[in-house]
Structure formats: structure tokens, C-alpha cells
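Each chain, written out:
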Amino acid sequence: MTLTDPSLLDDLFTHEVDGRPAQFVRPADTDLPNWGVYDGGDFLGMLYSDQSGGGTGWRLGQSHERHDVLDDAVRALRRPRSWPRERAQVSDWARRLLADESLTAVDVETTGLNEPWAVQIAATDRSGAVLFDAYLDPRAEIEPGAVAVHKITPEKVAGAPTFGDLLPALTEALHGRTCVAYNMPFDRECLERELRRHHGSAESAARWLGECRWHDAMEPYAVWKGLWSVKRGRYRSQKLGGPHTAVEDCRFLLARVREMASSDRP
């Protein structure tokens, strides 16, 4: 059985998504690639094969909501009943964020994922205009996996300023502002690590970070998309979709915030 060509799917089949099987039943009165989806004995809804946009996709019930991947369509059908309320709360949060004139998008590219150091930091205002953008000498090895993502090689940052060299300009760019990042805890912890190394004090690092109002956009965006994972017991995180250059990632982040502020469905 192939999931890429709906015309080849059986009238009855089971497909596991996030560790739980979903049962697909084609209505008896049609030969079209449409299925009712069941989770145990519970009817989740209808999925219709959708060829619009030049590729195979899946449309939920009578709505316009479409997913390219069958698993994501099932996750959408598994949303908890609280999702419309939770999604409305996210939209309200995004609108309040965009109304803040001090809103600043922040992105940090790093040496890796495990206790990393910064190799590029950028910040833009809510319109996408650059407030800060600099490459840094991390004084540490840049992991090959990180280079493969952001393309910042050791040669590129050789001779670049250190975090301490750039701290006055970064302070001017961020302090007193509302800062939003995608997976904010990761970026904030990287900045905290740099501040501790520079000041030699966790207290000084905490004071510096406390001069900004921090928000994370990744979890709200997961709620807004509403793809429920029964395995994790929460909404699945979504990729930002940026090119992994810090300034453009800031702009992609702002686009996600504007998307959440809209009333459109995913």
C-alpha cells in the first residue's frame, strides 16, 4: 500500500500516526478517494484527496484546510475540543505583540545544539528593519552539523569580534524592548552563557537579560497550527522555515507572528 497515491489506497486500511493507529473507511456509496477516519471507536471526520496546488494533499471535511502529508491531516483531526479557544488566545497574543512599538525579533546562530556559543546574532524591529547584525568569534569549535545548517564556517568568523566586543551595541539594540524569538529558551540560554562568560557572574547575566521582555513564538505557533500528537500529548512544533541567516530568520519569525494574528485557518 502506498500513501503517496490515494487512488491506490484500499477501501479499508489502518495507518499509524504518532504511535496510535487510525482506521480509514471509504463510504460505501462512492469510489472517490475519500475516507472516514476513526480513532478506536471514535469518528474523527472525513478526509478528501485534494490535487489542488499541483500535488497530492488532504482536505479536512467540508473545510478549506489542506495538508500535504496524510499524517498531518490525521493530527489535525485529532485536535482536542479546546483547540478553537486556544487558537483564539494565540491570535490575541500575536496581535498584542505586533501592537507593541518596541517589538524586536531576535535570532542567534550557534556553534551547535549542546551548550553552544553564538556565531551570529541579529535583531530587527517589527517592520523587519535591522537593529543589530554581527558575526562573532565564538572562541570554540563550530560543529559540522551546525555549519551544514547555517553555513557559518570557522573561516568566516576568523578575526570577527567577540561577544564582549559587541555587547555595548547589542545592549543598545535590545534593552528596554519586547524581544520575540523562535524557540526563545534556546536563544536566551545562549545569550546567558555568553554573558556569564563575559561578566564571570550569573547574577550579572540575569540582570542584563532582565532588561528585555522575552516571548517565545514557537509554542504559540504549534498551537495555532493545531497538529496534535497523541504520543507527545501536545501540539507538534513546526519549523520556522527561514534560510538560517539570522536577519532573514528574524523576518520569517515576524511573518509567523503576523500569520498567527490573522483569523485565517491554517
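Predicted model, so just to flag it, every value in this text is computed and none were measured.

Cut-offs used in this document
- Residues numbered from 1 in each chain as written.
- Predicted model: local features only at pLDDT ≥ 70, side-chain atom pairs only at ≥ 80, totals over all residues.
- Heavy atoms only, no water.
- Salt bridge = Lys/Arg side-chain N within 4 Å of Asp/Glu carboxyl O.
- Helix = DSSP H or I, 4+ residues; strand = E, 2+ residues; numbered from the N terminus.
- Buried < 20%, exposed > 50% of the residue type's maximum accessible area, 1.4 Å probe, protein only.
- Disulfide = S-S within 2.5 Å.
- Phe/Tyr/Trp six-rings, centres within 6.5 Å; stacked < 30°, edge-to-face > 60°.
- Lys NZ or Arg CZ within 6 Å of the ring centre and 35° of its normal.

Draft legend 1. The pattern of salt bridges, seen in detail. Summed over all chains, the structure comprises 14 salt bridges. Among the ionic pairs, arginine 236 bridges to aspartate 18, the shortest N-O distance being 3.7 Å. Linking arginine 236 in the loop between β13 (234-235) and α9 (246-261) with aspartate 18 in the loop between β1 (12-17) and β2 (20-25), this pair joins segments that are 218 residues apart in sequence. Since its relative accessible area comes to 23%, arginine 236 is described here as partly exposed. When its relative accessible area of 14% is taken as the criterion, aspartate 18 is described as buried. Among the salt bridges present, the one from aspartate 39 reaches arginine 20, with a minimum N-O distance of 3.3 Å. Here the residue aspartate 39 occupies a position in strand β3 (residues 34-39), and arginine 20 occupies one in strand β2, the gap between them amounting to 19 residues. Residue aspartate 39 is classed as buried on the basis of its relative accessible area, which comes to 13%. With a relative accessible area of 38%, arginine 20 lands in the partly exposed category. Connected via shared salt-bridge partners are Asp18, Asp72, Arg75 and Arg236.

Draft legend 2. Broad picture of unusual backbone geometry. A positive phi angle, near 65 degrees, is found at lysine 151, a position not held by glycine. Here lysine 151 shows up in the loop between α3 (144-150) and α4 (154-157). Here lysine 151 falls in the exposed class, since its relative accessible area comes to 54%. Of note in the backbone geometry, histidine 244 takes a positive phi value of approximately 65 degrees without being a glycine.

Draft legend 3. Broad picture of the state of the cysteines. By the definition in use, this model includes 0 disulfides. With no disulfide of its own, cysteine 179 lies closest to cysteine 212 among cysteine sulfurs, the gap being 4.2 Å. With no disulfide of its own, cysteine 190 lies 14 Å from the sulfur of cysteine 250, the closest cysteine sulfur.

Draft legend 4. Layout of the packing of aromatic side chains. Scanning the model with the defined rule gives 6 aromatic pairs in all. With 4.4 Å between their ring centres and 10 degrees between their planes, phenylalanine 13 and phenylalanine 24 make a pair best called stacked. Residue phenylalanine 13 is found in strand β1, and its partner phenylalanine 24 is found in strand β2; the two are separated by 11 residues along the sequence. We note that phenylalanine 13, like phenylalanine 24, is buried. Plain terms: the ring middles of tyrosine 38 and phenylalanine 43 are 5.2 Å apart, the flat faces sit at 55 degrees to each other, and that makes the pair tilted. Exposure remark for tyrosine 38: the relative accessible area of 30% places this residue in the partly exposed category. Among the aromatic residues, those joined into a cluster by ring pairs are Phe13, Phe24, Trp35 and Trp58. One residue, arginine 79, lies across the ring of tryptophan 83, its end atom 3.9 Å from the ring centre. Positioned over the ring face of tryptophan 117 is arginine 197, at 3.7 Å from the centre of the ring.

As far as function goes, none of this settles anything; it's purely spatial.
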